[in-house]
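Read off the chains here:
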Amino acid sequence: MSPATGAAIRSARRSTRFVAWVRAWRAGLTPFDDLADEIADGEEHLVADAPGTWTDVPLAKALPIFAKLHPDEIRLVLPAPGDPRGLPGPSELTGAALLAGEVVMTPEFGVVPEVRRHTSGSGVEFETVLWRVHPAPEHRQVFQMGAAEAEAELTAALGEATATLTKLDVAQWKPELAGALQALRRPESTATLPPGFDPSSRRLFARASVLDQVLALAGTNAPGGAVNGFEAQARDAALRPLTAACRQALVAACNSPLRP
């Protein structure tokens, strides 16, 4: 796997970890002391514009802004152009969330990740993540699909996309896509949720997480090594419904009810 490909997969959906672990903490199912490390997952994470702060602060120092919230008030939203469900009306928050493709929403504010890429003095490239807090007073949550329905839609979209991509022989576009196509056929993942999530949500999250990585990999190939523009358009048309179903599945899994 190339470094670029690895970065694309690594960066997919950081908000899923953020929402899942903060919700588990607010439900009393995981200690606060572990929270920042679980969210950051080995990266450097900072927070900007958190209430009561005047500069960027380490993630652990900003997480108490969630301390008064019920777990069900902390929601994952994965918007896309033409699909702003879960976002407030036109605002700086909505624009930032659409640009990032992800946001952690609450009734009073939203938190959007910004990935910053750096190069060390020795030429090593690395990333840091800045979570920017945006006000969203009196934001109301919208209805979301349950885990069972989301899994059914993901299964249907997966079957259609796999058949189309096989016909297009996408594995020839880029060597890494051969393995990605196998992942589409037999999605497996070690991705997991913190304590409190039921088995169906865990299964859905694991499945959607690996598909999300495959889609991130496919995105690094656009317009890819397709022989012509028609094949590139066919590839995009095949992936579009699967991408939407995958986003929906991740949202349903991370926002599912918690149980002791």
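Above this text sits the structure in question.
Our subject in this report is the structure included herewith. On a predicted model such as this, the values are computed, not experimentally measured, just so you know.

A count of helices and strands for the chain gives nine helices and six strands. Of all 260 residues assigned to the chain, the portion counted as buried reaches 49%. Long-range pairs, those at least 24 residues apart, make up 68% of the contacts in the chain between residues at least 6 apart in sequence. Total accessible area computed for the chain in this model is approximately 12900 Å², and 56% of it derives from carbon and sulfur atoms.

Within strand β6 (residues 125-135), eight of the eleven residues are buried, which leaves the element mostly enclosed by the surrounding structure. As defined by bridge partners, strand β1 (residues 44-48) adjoins β6 across five bridges and the pair is classed as parallel. Bridge assignment links V47 to a residue of β6, and that residue is W131. Looking at chain direction, strand β5 (residues 109-119) and β6 are connected through eleven bridges and run antiparallel. Opposite V111, over in β6, you have V133 as the bridge partner. Here β5 folds back onto β6 in antiparallel fashion, the turn holding five residues, of which G123 has a positive phi close to 90 degrees.

A few words now on the sheet that holds β1. Neighbouring strands of a sheet are bound in pairs by backbone hydrogen bonds; such pairs are parallel or else antiparallel. In space, the six strands of this open sheet follow the order β2-β1-β6-β5-β4-β3, with mixed pairing throughout. Of all the strands in the sheet, the pair left with one neighbour each is β2 (57-58) and β3 (75-77). Where helix α5 (residues 92-100) meets the sheet, its contacts fall on β4 (103-105), β5 and β6, and the angle it forms with β5 comes to roughly 50 degrees.

Using the criterion set out here, one finds two cavities of 30 Å³ or more in the structure. Taken as a whole, the second largest cavity encloses approximately 40 Å³ of empty space. F18, V47, L59, A62, L63, I65, F66, V111 and V133 together form the lining of the second largest cavity. Considering only residue class, the lining of the second largest cavity consists of nine nonpolar, no polar and no charged.

Here the focus is the pattern of salt bridges. Applying the stated rule across the entire model yields twelve salt bridges. Notably, a salt bridge pairs D212 with R13, separated by 3.2 Å at the nearest N-O pair. With D212 in helix α8 (residues 199-220) and R13 in the loop between α1 (3-10) and α2 (14-26), the pair connects residues that are 199 residues apart, well separated along the chain. Note on accessibility: D212 and R13 belong to one class, buried. The partner of R203 in a salt bridge is E151, with the nearest N and O atoms 3.2 Å apart. Of this pair, R203 sits in helix α8 while E151 sits in helix α6 (residues 147-168), and the two are 52 residues apart along the sequence. Within this structure, R14, E43, R117 and E127 form a network of salt bridges that share partners.

Take the packing of aromatic side chains next. Any aromatic ring pair is given by two values, namely how distant the centres are and how the planes are angled relative to each other. Scanning the entire structure with this criterion turns up four aromatic pairs. Judged by centre distance (5.1 Å) and plane angle (55 degrees), the ring pair of W25 and F32 falls under tilted. A residue is classified by how much of its surface remains accessible, and F32, at 30% relative accessible area, is partly exposed. Residues F66 and F109 carry aromatic rings whose centres are separated by 5.3 Å and whose planes lie at 70 degrees to one another, so their mutual orientation is edge-to-face. Of the two residues, F66 is situated in the loop between α4 (59-62) and β3 and F109 in strand β5; the sequence distance between them amounts to 43 residues. The class for F66 is buried, based on a relative accessible area of 1%.

Time to look at α2. The periodicity of an α-helix, 3.6 residues per turn, causes residues three or four places apart in sequence to face the same way. When the terminal C-alpha atoms of α2 are compared, their 19 Å separation across 13 residues agrees well with the 18 Å that a helix rising 1.5 Å per residue should span. For α2, the tally of buried residues reaches eleven of 13 residues, placing the bulk of the element in the interior. Within the span of α2, buried status applies to R14, S15, T16, F18, V19, A20, W21, V22, R23, A24 and W25. Backbone geometry just downstream of α2 places G28 in the positive-phi region, at approximately 75 degrees.

What counts and what doesn't
Residues numbered from 1 in each chain as written. Predicted model: local features only at pLDDT ≥ 70, side-chain atom pairs only at ≥ 80, totals over all residues. Heavy atoms only, no water. Helix = DSSP H or I, 4+ residues; strand = E, 2+ residues; numbered from the N terminus. Buried < 20%, exposed > 50% of the residue type's maximum accessible area, 1.4 Å probe, protein only. Contact = heavy atoms within 4.5 Å. Areas by Shrake-Rupley, 256 points an atom, 1.4 Å probe, with all protein chains shown as cover. Pairing = 2+ DSSP bridges. Axes fitted to C-alpha atoms, helices over the stretch in contact; angles between N-to-C directions. 1 Å grid on protein atoms, 1.4 Å probe; cavity = no way out; pocket = protein on both sides within 12 Å on 5 of 7 lines; lining within 4 Å. Points joined across faces, edges and corners; volume = space filled by probe spheres on them. Nonpolar A, V, L, I, M, F, W, Y, C, P; charged D, E, K, R; others polar. Salt bridge = Lys/Arg side-chain N within 4 Å of Asp/Glu carboxyl O. Phe/Tyr/Trp six-rings, centres within 6.5 Å; stacked < 30°, edge-to-face > 60°. Expected span 1.5 Å × (residues − 1).

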